[in-house]
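Structure assessment
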Amino acid sequence: MAFELPSLSYAYDALEPNIDARTMEIHHSKHHNGYTTNLNNAIADTPLADQSIEEILNGLDLENKAVRNNGGGFYNHRLFWEVMSPNGGGTPKGALAEAIDSAFGSFEEFKTAFSKAAATQFGSGWAWLCVQKGGSVEVCATANQDNPLMPGIGCGGTPILGIDVWEHAYYLNYQNRRPDYINAFFNVIDWNKVSDLYTAGA
Ligand code: MN
């Protein structure tokens, strides 16, 4: 069954001024749509066509560049839209907050580590907050459209928060100022959603 571009649960302009409407529209309707179409083309008439995206990524042959790039792109952007909200920002609560404090010392120290991972990812990629079975969390970054579900990628666990640091994610509004975009992203993080993903993955 073919994968479908997921609809956003908010309007393209809903995350302004943190992420502008034009960037959101191009990012979703062009970039994410392209990854979705290219993934479907890459898996058509192969055994992968019957698998979930998580199964495809967990069992990925890293040499299969079409599925690696487009399967990663499909999954990564779907998560990205889900963990942002016009009502986002603030700090996590409950078990996720405790796991962050345990791993990093405080929310502010987590924010510093996540922002550093995102800012120092050379070229295109993503920074992640991941949960391991048992509930511990860690920050890491991956290149291109790789993600922690892929085997041997050097970044483990289930991603529960991700920021896209490809230039297409911020350049129209922020140009070379990636750190400003990263800072703005924290204003739209939906910590309720991230907490749900934490609970599901812990
Ligand atoms: Mn992107």
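I will try to describe carefully the structure that is included in this document. Note that this is a predicted model, so its numbers are computed, not measured.

**Brief notes about the coordination of the manganese ion**
The manganese ion binds to the protein through H27 (NE2), H77 (NE2), D164 (OD) and H168 (NE2); the donor distances cover 1.9 to 2.1 Å. Read N to C, the donor residues that coordinate the manganese ion are spaced as H-x49-H-x86-D-x3-H. You can see H77 sitting in helix α3 (residues 65–82) and its partner D164 sitting in strand β3 (residues 158–164), a full 87 residues away along the chain.

**A word on the nonpolar core**
One broad trend across soluble globular proteins is that nonpolar side chains are buried collectively. Core analysis: the biggest nonpolar cluster contains 60 residues, and F110, L161 and I163 have the highest contact counts within it. Filtering out sequence-adjacent residues up to four positions away, F110 remains in contact with I100, F104, L129, V139, L161, F186 and W191.

**Considering the sheet that holds β3**
One open sheet holds the three strands; their spatial order is β2-β1-β3, and the pairing between them is antiparallel. Taken across any chain shown, the strands that pair with only one partner, and hence form the sheet edges, are β2 (137–143) and β3. Strand-to-strand twist of the sheet, defined as the mean angle between neighbouring strand axes without regard to direction, takes the value 25°. Alignment of strand β1 (residues 125–131) against β3, held across six bridges, turns out to be antiparallel. Considered in β3, the bridge of W126 is made with D164. The strands that α3 touches are β1 and β3; relative to β3, the one it contacts most, it runs at about 85°. Along the sheet, helix α4 (residues 94–104) makes contact with β1, β2 and β3, crossing β2 at roughly 80°.

**Observations concerning the packing of helix α5 (residues 107–120) against helix α7 (residues 178–185)**
Between α5 and α7, whose axes approach to 10 Å, the crossing angle comes to 140°. By the angle between their axes, α5 is oblique relative to α7. As α5 runs across α7, the sense of the crossing is right-handed. Between α5 and α7, the residues in contact are K111, F114, S115, A118 and A119 and R178, I182, N183 and F185, respectively. Tallied by class, residues from the contact of α5 with α7 come to five nonpolar, two polar and two charged.

Quick notes on the rules
Residues numbered from 1 in each chain as written. Predicted model: local features only at pLDDT ≥ 70, side-chain atom pairs only at ≥ 80, totals over all residues. Heavy atoms only, no water. Donors = N, O, S within 2.8 Å, 3.2 Å for Na, K, Ca; no water. Helix = DSSP H or I, 4+ residues; strand = E, 2+ residues; numbered from the N terminus. Core = buried A, V, L, I, M, F, W, Y, C linked by side-chain atoms within 4.5 Å. Buried < 20%, exposed > 50% of the residue type's maximum accessible area, 1.4 Å probe, protein only. Contact = heavy atoms within 4.5 Å. Pairing = 2+ DSSP bridges. Axes fitted to C-alpha atoms, helices over the stretch in contact; angles between N-to-C directions. Parallel < 35°, antiparallel > 145°, perpendicular 65-115°, else oblique. Left-handed = near helix turned anticlockwise from the far one by under 90°. Nonpolar A, V, L, I, M, F, W, Y, C, P; charged D, E, K, R; others polar.

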